[in-house]
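Single-letter residue listing:
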Amino acid sequence: MLEIAAIAFTTFFATVAPVDSAIMFAALTAENTPAERKSMAIRGVSIATGLLLLFALFGEALLARLGISLAALTTAGGILLLLMGIDLVFARSSGAMSTTRAESKEAEGRQDISVFPLATPLLAGPGTMGAVILITANTHGDIKKIAVVVAMLLLVMAISLVLLLVAGKLEKVLGVTGMRVINRVFGVLLCSLAVQFIFNGIHNSGLIAVKEALP
C-alpha cells in the first residue's frame, strides 16, 4: 500500500503541478480582490477534483468499452508521463499539464478563470487525466488500492488549494529558482516511474517473450 501511495502521490503531484498552477493563478488574478481569488480557487479545485474522480472511477470501464488493453494503456501512459517528466526537468512548457500560449492569452481577458484555465487544463489537464486512469487501472480492481489512489489524488488537490490561496506569497518566497528546483526533482521521479510503466506495459503485452532464468 505504501508503494502505491508513493507512486500515486509523486505522479499526481508532478502532473497537477500545484506550484506551477499557483504561480499562474497569481499572475492571472493580479487585478482581482482577495475574496474573488478565494472563490475562484475553491471552485476551480472542486471542478478539477470532480473531473479527475470521474476518470478514476469510470476511466477503466471506458477503455474496456473502446477495446483498449491495460498493457496498451500502461505503455502509452508511460510514454506520455515520460515526455511530461522531461519537460519538467528541462523547465519547458507543454499543453499536457499547462496552458499553451494561445490559452494563456485568452485567459488574460477573463474575469472568472475557475473553469478555464484553472480547473482545466492547469489542474486537470490531459496528462493528469491519463495518469489517473493509468494508476487506477493498475490496481486491478482492488478496492483498498483504489481507495489509496483516490486518497492521494485528494491530498494533492488539497495541497493545490492551499497553494492557490497563498499564491501571491508563494510567488515571492519561492521565486523562479525555487519553483524550478521543485519541478526538476519531481520531474526526475516522474521520468523514472514513466520508464517503469513502459517496461511493465511491454512485458504484459506478450509481444516480447521473456525467458525464464536458468537454475
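In what follows, the structure referred to is the one given above.
Residues numbered from 1 in each chain as written. Predicted model: local features only at pLDDT ≥ 70, side-chain atom pairs only at ≥ 80, totals over all residues. Heavy atoms only, no water.

Asker: Can you tell me about the side chain of Asn32, naming the residues and giving the values?
Answerer: For Asn32, the position within the fold is in the loop between α2 (18–28) and α3 (34–66). Among the residues examined, Asn32 registers a relative accessible area of 13% and is labelled buried. A polar atom in the side chain of Asn32 sits 3.1 Å from the side chain of Glu36. Ignoring any residue separated from it by four or fewer positions in sequence, one finds Asn32 in contact with Arg37, Met40 and Gln111. (Helix = DSSP H or I, 4+ residues; strand = E, 2+ residues; numbered from the N terminus. Buried < 20%, exposed > 50% of the residue type's maximum accessible area, 1.4 Å probe, protein only. Polar contact = N/O pair within 3.5 Å; in protein donor to acceptor, adjacent residues only side chain to side chain. Contact = heavy atoms within 4.5 Å.)

Asker: Describe the packing of α2 against helix α8 (residues 143–165), and please don't skip the residues or the numbers.
Answerer: The N-to-C vectors of α2 and α8 enclose an angle of 30°; their axes lie 9 Å apart at closest approach. As judged from the angle between their axes, α2 and α8 are roughly parallel. In the packing of α2 onto α8, the handedness of the crossing is right-handed. Listed contacts from α8 to Pro18, Val19, Ser21, Ala22 and Phe25 of α2 are Val156, Ser160, Leu163 and Leu164. A per-class count over the contact of α2 with α8 returns seven nonpolar, two polar and no charged. (Axes fitted to C-alpha atoms, helices over the stretch in contact; angles between N-to-C directions. Parallel < 35°, antiparallel > 145°, perpendicular 65-115°, else oblique. Left-handed = near helix turned anticlockwise from the far one by under 90°. Nonpolar A, V, L, I, M, F, W, Y, C, P; charged D, E, K, R; others polar.)

Asker: Give a description of α2 that names residues and reports values.
Answerer: A large share of α2 lies buried, amounting to eight of its 11 residues. Listed in full, the buried residues belonging to α2 are Pro18, Val19, Ser21, Ala22, Ile23, Phe25, Ala26 and Leu28.

Asker: Lay out the environment of Ile133 in plain terms, naming residues and giving numbers.
Answerer: Among the structural elements, Ile133 can be located in helix α7 (residues 126–137). For the pair formed by Ile133 and Phe58, sequence separation is 75 residues and the distance between their alpha carbons is 8.4 Å. With near-sequence residues (within four places) excluded, Ile133 lies in contact with Phe55, Gly59, Glu60, Leu63 and Leu73.

Asker: Let's hear about the nonpolar core: which residues, and what values?
Answerer: Formed by 52 residues in total, the largest nonpolar core has its most connected members in Phe12, Phe25, Leu52, Leu81, Leu123, Met157 and Leu164. Elements represented by at least two residues in this core include exactly α1 (2–16), α2, α3, α4 (70–89), α6 (114–123), α7, α8 and α9 (167–205). Looking at this core, the element that brings in the most residues is α8, giving eight residues. Non-local contacts of Leu81, meaning those with residues more than four positions away in its chain, are made with Thr11, Thr15, Gly127, Ala131, Leu134, Leu190, Ala194 and Phe197. (Core = buried A, V, L, I, M, F, W, Y, C linked by side-chain atoms within 4.5 Å.)

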